Amino acid sequence: MQLNFSGLRALVTGAGKGIGRDTAKALHGSGARVVAVSRTHADLVSLSTECPGMEIVCVDLGDWEATERALSNVGPVDLLVNNAAVALSQPFLEVTKEAFDRSINVNLRSVLQVSQIVVRGMLARGVPGSIVNVSSMVSQVIFPNLATYSSTKGAITMLTKAMALELGPHKIRVNSVNPTVVLTAMSRQLSDSPEVAEKLKERHPLRKFAEVEDVVNSILFLLSDSSAATTGSGIFVDAGYLAS
Ligand code: NAP
């Protein structure tokens, strides 16, 4: 997708790997100045080598105080992609306090915190903005052992709507993308079980999962003025799963 983000500054969380990494690269390639935020320093170093000029911030977004220290002086941001998340799979009766707290802090609380930091800057500058929260189709449909992860993604739906409601009058749009399976590090378990993956693909009307590029394209569309009248909503990149 050919979009032009020249003159704009974008912040992408979870930019070290997978969807976040390709989103940061696509934004960089479309002219935006990009701040890549992630947890593993080596990932960020290799990303900034691939994309000269990209700024990197290494922080554990599950740590509120560390995030505040790392991002409070991040500077002007026009486009925000809240992408970082963990998928900790446990049967409902075996969900631990640690896994639940970690998931809430990384997948949900950091979206609130990073958005607050960025939006305060937008309001101070009096500029419009666009925010995309990377959710999942499991915000709407449940799979075994994903009670915790799905709960965080379901909550993102309402956080997205709440942000859209309160920030709309300031010309700040907030949407989500909700992918089905994308074969990244997060879904390694599925890549390691081709038979299970094939069966699951067959349950999608398009008989496939989403590619990273499919998700990145939807994120870029929602960040851009091409979706200027869309807020509090989002795009299901689910190969038709929820229609079946
Ligand atoms: P991924 O390959 O595991 O990449 C996630 C990135 O987020 C990594 O760079 C990771 O860094 C970073 N991250 C995780 N926890 C962090 C933390 N506490 N602080 C800072 N950075 C952190 O995952 P992905 O598949 O690209 O997923 C991206 C988004 O898509 C997530 O929101 C996920 O829920 C959503 N999604 C994924 C799928 C799928 O099937 N893959 C489907 C639907 C939705 P480290 O590796 O260094 O921890």
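These remarks concern the structure in this document. Nothing here was measured: the structure is a model prediction, and the numbers come from that model.

1. Details of the side chain of Gln113
At step 1: Within the element layout of this structure, Gln113 appears in helix H4 (residues 97-125).
At step 2: The residues contacting Gln113, other than those within four sequence positions of it, are Trp64, Thr67 and Glu68.

2. What to know about the site of the ligand
At step 1: Taken together, 31 residues lie near the ligand, and Lys17, Arg39, Thr40, Tyr149 and Thr184 sit nearest.
At step 2: Arg39 places a side-chain nitrogen or oxygen 2.7 Å from an oxygen atom of the ligand.
At step 3: Taken by itself the ligand offers 890 Å² of open surface, and the protein chains cover 93% of this.
At step 4: With respect to the detected pockets, the ligand is housed in the largest pocket.
At step 5: Looking at side-chain class alone, the shell around the ligand contains 14 nonpolar, 12 polar and five charged residues.

3. A word on the packing of aromatic side chains
At step 1: Counted according to the given criterion, the structure contains one aromatic pair.
At step 2: With 5.7 Å between their ring centres and 40 degrees between their planes, Phe143 and Tyr241 make a pair best called tilted. Of this pair, Phe143 sits in the loop between strand S5 (129-134) and helix H5 (147-167) while Tyr241 sits in the segment after strand S7 (234-237); the two residues are 98 residues apart in sequence, bridging distant segments of the chain. The pair Phe143 / Tyr241 is uniform in exposure class, with both members buried.

Quick notes on the rules
Residues numbered from 1 in each chain as written. Predicted model: local features only at pLDDT ≥ 70, side-chain atom pairs only at ≥ 80, totals over all residues. Heavy atoms only, no water. Helix = DSSP H or I, 4+ residues; strand = E, 2+ residues; numbered from the N terminus. Contact = heavy atoms within 4.5 Å. Near = heavy atom within 4 Å. Polar contact = N/O pair within 3.5 Å; in protein donor to acceptor, adjacent residues only side chain to side chain. Areas by Shrake-Rupley, 256 points an atom, 1.4 Å probe, with all protein chains shown as cover. 1 Å grid on protein atoms, 1.4 Å probe; cavity = no way out; pocket = protein on both sides within 12 Å on 5 of 7 lines; lining within 4 Å. Sits in = over half its atoms within 2 Å of the grid points. Nonpolar A, V, L, I, M, F, W, Y, C, P; charged D, E, K, R; others polar. Phe/Tyr/Trp six-rings, centres within 6.5 Å; stacked < 30°, edge-to-face > 60°. Buried < 20%, exposed > 50% of the residue type's maximum accessible area, 1.4 Å probe, protein only.

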